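Structural features, examined
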Amino acid sequence: MTIAVERLDELVTALRTVLRDEQILTSKPDRYNRARVPAPFPVHRWSERLPDLAVLPTSTDEVAGVVRIAHDLRVPIVPRDGGTGLTDGAVPLRGGIVVDVKRMNQVKELDLENRTVTVGTGISMLKLNEVLGKHGLFYPDDPASYPCSLVGGRIGTSGWSLIGSRYGHTRDLVLSFDHVLPTGEVMHVGDGIGHKISKSSSGYQLKHLFMGHQGTLGIATEATLKLFPKPEAELSPFWAFDNYDDAYRCVGALARAGVATFAGAVLFDEWKVAYLRRDDEAYIPQPGDVRALVCAVMYGYEDEVRPAGKRLFRIAREHGARYLGDEISEGDWAARHDRYATPLHGRTKSGQVVPMSWHCEDAAINYTDLPSVSKAWHEIVADLRRRTDVFDDWGMFTYTSGNTGVDYLTEIDVGIWEQQLDDRAWEMWVRAKRDIAAVALAHQGSISACHGSCREGEVDLVPDELGRGYDVMLDLKRTLDPHNIMNPGKYLLDRAYDTGAP
Amino acid sequence: MTQLDRQGPADPVSVPFTPGMRDNPDELAEMPEEIARAVEEPADPTPTEELTAEWRNASYNCFSSGHKFCREVCPVMQVTRNESWTPTAFHANVVAMDKGELTIEDVAADYVNCTQCGACELRCPNTLFTGDFYRFRTRTVDVVKAVRALAVESGVHQPAWQSWNARTDELTHEPVLGETPIDQEHVRDWSEGLDLPIGGETVLFVDCEAAFYRTSVPRAVAQILQQAGYEFGLMGEQWCCGGPAAEMGYVDQAMRFARHNLDNWRSTGTRRVLVLDPHDYISFTEDYPKYFGEEFDLEVVLVVEVFAELIREGRLTPSVPIERAITYHDPCRLNKRKGIWQEPREILRAIPGLDFSDVDRVTQWSYCSGGGGGLPVEKPELTAAISASRLEKAAALEVDTLVSACPWSERPLTEAGEAVDIDVVDIHELLAESLGITVGGSRNGGAGA
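Just so you know, these numbers come straight off a predicted model, no measurement behind them.

1. A word on the overall build of chain B
- Along the backbone of chain B there are 21 helices and 8 strands.
- Each principal axis of the C-alpha atoms in chain B carries an extent, and together these give about 85 × 60 × 40 Å.
- Residue burial in chain B is summarised as follows: out of 449 residues, 61% are buried.
- Surface accessibility of chain B: about 17,300 Å² in total, with carbon and sulfur atoms responsible for 48%.
- Counting 39 positive and 73 negative side-chain charges, chain B places the centres of these two groups 3 Å from one another.

What follows is the structure in structure tokens.
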């Protein structure tokens, strides 16, 4: 859906009062390249998801000015940061303005005493850590998209961190931020009004409300982040198992051990190992008797990581683990960001390599439910695969979400031959996502621990997951965004309004 | 009690398997296919369809890759933060053209914003993990060249590139000095007084920028070779290598120039071409073999590698101390495109007196001068911004000198260096100085020399 030409002219004229011409992008390629994220995308329907224009603001004031104009003219606004999100948050469903914050990437204040940094939300964790590294510090938000996802997007999606068991996830690491409300007003969100307070008991706790809203409640523009000493030592042993059950028991025991430097544990299932084993040249070869892999990760000072590592090695051995050696362990962990993005392993059932996109469905699942959830999920993907080579099962992994091992990010990776997506294939996929989410809910899990849950398919189950809480979402959306300007169509929040469309 | 029962039905897709293995059950192959079909190619394809057919899978491999690690190493993206000018956008546009959503007229101007440095290719997970195992290695530089060529073929020109190539065609050399006359008569002026022969088995090819603007570079190279007793001559009638034309999409012109040069080498009995400019090195080792196939049987030798070898063999011994605090700028076409990063460092470490703050080559994947790929011709302000960003990184090391090994990088880097009081010198010149050679020539086209 796009807005009429005369309204577009009116909009551009209005935007010129707050932005320079080169900050307002209206060309077709500018719009096409801001219409997609890595989530599977019905490429044949690309033109249905275009913004009318994109803007590149450089300050909170400019963002606020743009939002005020959109509010006045009733034009949709979609915030876009890295655009690496896997849940469509940055994809415009109703046209309008994409607010691309990539130019807001400055480090504004580094407070070495209180251990905080204040940044524009358009900075990536990689670039930020290059600056912090000189001071022996780091910001431990570590998504798979670490080199190119941006702080603002992490806030908007309330992202999950690979080393979150030790340092916490984005919601724990962001102390406070400037936020432009759907009306164009600017507020500061955090514990209390101080920018660097980590715990306050004043008033309602609003920080979580303005994180993970997928751009439906405004735009974060400047954030103050918690910093840690750059770890002196990192230990990331990978262990092989000849059966899934032992590996599953092992990962639980590692997470429950209560080791202070423990930053995460991962379990790769038989399907994932089969996927990794497809191409010895591309990946580290695994002997045929390896059926599951477990990785544990520790960060800290040398003299705490070493004894902690001994304890975890002992636990692993007791569960039948075979250590894969330093080279594989260090290399595999170092590759944690790149590996998930490698799209090449798509294969038809007969073995033909085809370009496929990586897609993942995730959930938060309690430890005890992991085996049955994974079994049910693989069966859903097998059903797709029985019907067509458009889909390929790339296996599952589960990752501790917290340092006690209560629940796990549980993810199934599916290869999708996007070139072959048509309406039928897309409908098959959307139904599969709905089924996958239903399995998570049937096990008292959440339908996302990591990527959000506003994509077509799974989003249908959000009201079921949240119950009365979903109605509170509608109440809040209507109150904060009276004209449904911010990212309309997402999270089924049009239900908050009589008419739906703005 | 945890339920670990994972025994599924006997259905072959219900258990993990490796597609294509001979011992897979027959039922796998017998499953009916509801959707996936071969792509139908048009019988009489348009130029755009030809391009998208060639690049479709490669572009999908980028499009479908979830993360865009290329972005943070892209020099244009670093200074513009404009997602339309990223390596991944260049691939996505091809996908959109394949789907009939965008045309070459829509996208041509965006493809100006690339220096063809190749950083994105190195940083792409496709390349990092699988090399060319599936023949899907990400080749953004080639995609950019192909789309620019399609634009020219379709009559969509960028104004400055069009006039630049017209003037190059007219002069047989690039108009590096703008309005200053450049022609065949003056192409060897840089070598005045060095008494160099013409032709012979080995000739030194001097790129247009070095031949007309930064003449101190070829003078240094020639004098070092003479000191080492390395026999070589100058080219009979040297034209521009044609590389810039190829980079900007003027392929026919590039091939005409290449043909002239090849014929001229043949006429002087040349078997070996010495190259001091990394851009020429790309032209002669990548473009020319593509144009001529097996007919191009000349040896192409990079001067920096020769010098490192001569130092190793003891035929050159830098001994005059040079008291400078330096860092080294890896030229994109050496480090990123060709993997040549050790030899320049060998040379610098052999020069006494230098205080060398090195930046490792991988970190330098995200560095560029902005001087390549025709960017300075069409968007000099972006080149300047990229050079300024490179000099900022040098300034953080508290050096007084930035050493490069690429004449095309040195003009924009020098201009940016003035703002932070850092001198930009060429590695060949520095070596010559340490060998006690008085180089002569100009580092700025003779202006105010």
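From this point, things continue past the structure.
2. Some remarks on the side chain of S366 of chain B
Residue and element names in this part refer to chain B.
- With respect to the helices and strands, S366 occurs in the loop between β6 (355-356) and α18 (375-378).
- Looking at S366, the relative accessible area reads 10%, which means it is buried.
- A polar contact of 3.1 Å, which involves the side chain of S366, links it to the backbone oxygen of T363.
- Setting aside anything within four residues of it in sequence, one finds S366 in contact with E72, V73, Q78 and K393.

3. Things to note about the UniProt feature "domain: FAD-binding PCMH-type" (unreviewed entry) in chain A
- When the UniProt feature table is mapped onto this chain numbering, "domain: FAD-binding PCMH-type" (unreviewed entry) sits at residues 47-230 of chain A.
- Within the segment residues 47-230 of chain A, helix and strand shares are 21% and 24% respectively, and the terminal C-alpha atoms sit 45 Å apart.

4. What to know about the sheet that holds strand β1 (residues 202-205) of chain B
Residue and element names in this part refer to chain B.
- Spatial ordering of the open sheet is given by β2-β1-β3-β4, a layout of 4 strands whose pairing is parallel. What marks the edges here is a single partner per strand, and that holds for β2 (233-234) and β4 (299-302).
- Alignment of β1 against β2, held across 2 bridges, turns out to be parallel. What sits directly across from V203, in β2, is G233.

5. Quick notes on the interface of chain A and chain B
- Chain A puts 82 residues into the contact, and the matching count from chain B is 63 residues.
- In total, chain A and chain B occlude about 6,700 Å² of area from one another, counting both sides; carbon and sulfur atoms represent 57% of this.
- Along the contact surface separating chain A from chain B lie 5 salt bridges.
- Across the pair R80 of chain A and E83 of chain B runs a salt bridge, and its minimum N-O distance is 2.7 Å.
- The dominant element in the side of chain A that touches chain B, judged by the number of residues it contributes, is helix α13 (residues 370-387) of chain A, at 9 residues.

6. Here's the deal with the sheet that holds strand β8 (residues 174-180) of chain A
All names here are of chain A.
- If you trace the 5 strands from one edge of the open sheet to the other, you get β5-β6-β10-β8-β9, paired in antiparallel fashion. The sheet is open, and its two edges are formed by β5 (107-111) and β9 (186-190), each paired on a single side. Across the sheet, the mean angle from the axis of one strand to that of its neighbour is 15°, orientation sign disregarded.
- In the packing of helix α3 (residues 60-73) onto the sheet, contacts are made with β8, β9 and β10 (219-226), and the angle to β8 comes to roughly 45°.

7. Let's talk about the environment of G82 of chain A
- Position of G82 of chain A relative to the elements: it lies in the loop between β3 (77-80) and β4 (97-100).
- A relative accessible area of 3% places G82 of chain A in the buried class.

8. A closer look at helix α4 (residues 125-133) of chain A
Residues and elements named next belong to chain A.
- Buried within α4 we find M125, L128, N129 and L132. On an axial view of α4, the arc spanned by its buried residues comes to 95°, and they lie on one face.
- Buried positions along α4 lie against β5, β6 (116-120), β7 (137-138), α5 (151-157) and β10.

9. Section: the pattern of salt bridges
Residue and element names in this part refer to chain A.
- Taken as a whole and assessed by the stated rule, the structure comprises 61 salt bridges over all chains.
- When the shortest N-O distance is used, the salt bridge between R103 and E22 registers 3.3 Å. Of this pair, R103 sits in the loop between β4 and β5 while E22 sits in the loop between α1 (5-15) and β1 (24-25), and the two are 81 residues apart along the sequence.
- You can call E22 partly exposed: its relative accessible area is 40%.
- For K108, the salt bridge is made with E222, and the minimal N-O distance between the two is 3.1 Å.

10. A few points about the packing of aromatic side chains
- As enumerated under the stated definition, the model contains 29 aromatic pairs over all chains in all.
- Ring geometry for F138 of chain A and Y167 of chain A: centres 5.3 Å apart, planes at 85°, overall edge-to-face. On the criterion of sequence distance, the pair formed by F138 of chain A in strand β7 and Y167 of chain A in helix α6 (residues 164-167) is long-range, its members being 29 residues apart.
- By relative accessible area, F138 of chain A is classed as buried at 12%.
- A relative accessible area of 7% means that Y167 of chain A is categorised as buried.
- With 4.9 Å between their ring centres and 90° between their planes, F205 of chain B and F284 of chain B make a pair best called edge-to-face. Of the two residues, F205 of chain B sits in strand β1 while F284 of chain B sits in helix α14 (residues 278-292), which places them 79 residues apart along the sequence. Take F205 of chain B and F284 of chain B: they sit in the same class, and that class is buried.
- Members of the aromatic cluster, connected to one another through ring pairs, are F205, W265, F284, Y288, Y291, F292 and F296 of chain B.
- Here the basic side chain of R36 of chain A rests over the ring of F63 of chain B, its NZ or CZ set 3.8 Å away from the ring centre.
- Positioned above the aromatic ring of Y367 of chain A is the side chain of R256 of chain A, whose terminal nitrogen or guanidinium carbon lies 5.2 Å from the ring centre.

11. Topic: the nonpolar core
- Core analysis: the largest hydrophobic core is formed by 122 residues, its most contacted members being W239 and W377 of chain A.
- The leading source of residues in this core is helix α14 (residues 423-442) of chain A, at 10 residues.
- Those residues within four positions of W377 of chain A in sequence are excluded, and the remaining contacts are E361, D362, A363, M396, T410, E411, I412, I436, V439 and A440 of chain A.
- One finds L171, F232, C241 and I326 of chain B within the second-largest nonpolar core, a separate group that totals 76 residues.

12. Examining the pairing of β4 of chain B
All names here are of chain B.
- In the sheet, strand β3 (residues 272-275) pairs with β4 via 4 bridges, with the strands oriented parallel. Bridging across to β4, V275 finds its partner in L302.
- As for the winding sense of the linkage, the β-α-β connection from β3 through α14 to β4 is right-handed.

13. Examining the confidence of the model for chain B
- Summary statistics for chain B give a mean pLDDT of 93 and a share of 94% for residues scoring 70 or more.
- The ipTM assigned to the predicted complex is 0.94, against a pTM of 0.95.

Reading the values: the criteria
- Residues numbered from 1 in each chain as written.
- Chains lettered and ligands numbered in written order.
- Predicted model: local features only at pLDDT ≥ 70, side-chain atom pairs only at ≥ 80, totals over all residues.
- Heavy atoms only, no water.
- Helix = DSSP H or I, 4+ residues; strand = E, 2+ residues; numbered from the N terminus.
- Buried < 20%, exposed > 50% of the residue type's maximum accessible area, 1.4 Å probe, protein only.
- Areas by Shrake-Rupley, 256 points an atom, 1.4 Å probe, with all protein chains shown as cover.
- Lys, Arg positive; Asp, Glu negative; His and termini not counted.
- Charge placed at Lys NZ, Arg CZ, Asp CG, Glu CD.
- Polar contact = N/O pair within 3.5 Å; in protein donor to acceptor, adjacent residues only side chain to side chain.
- Contact = heavy atoms within 4.5 Å.
- UniProt positions renumbered as here; feature names shortened; annotations may be inferred.
- Pairing = 2+ DSSP bridges.
- Buried area = accessible area lost by both parts, 1.4 Å probe.
- Salt bridge = Lys/Arg side-chain N within 4 Å of Asp/Glu carboxyl O.
- Axes fitted to C-alpha atoms, helices over the stretch in contact; angles between N-to-C directions.
- Arc of directions from axis to C-beta.
- Phe/Tyr/Trp six-rings, centres within 6.5 Å; stacked < 30°, edge-to-face > 60°.
- Lys NZ or Arg CZ within 6 Å of the ring centre and 35° of its normal.
- Core = buried A, V, L, I, M, F, W, Y, C linked by side-chain atoms within 4.5 Å.
- Right-handed = clockwise from strand over helix to strand, strands pointing away.
- pLDDT = per-residue confidence, 0-100.

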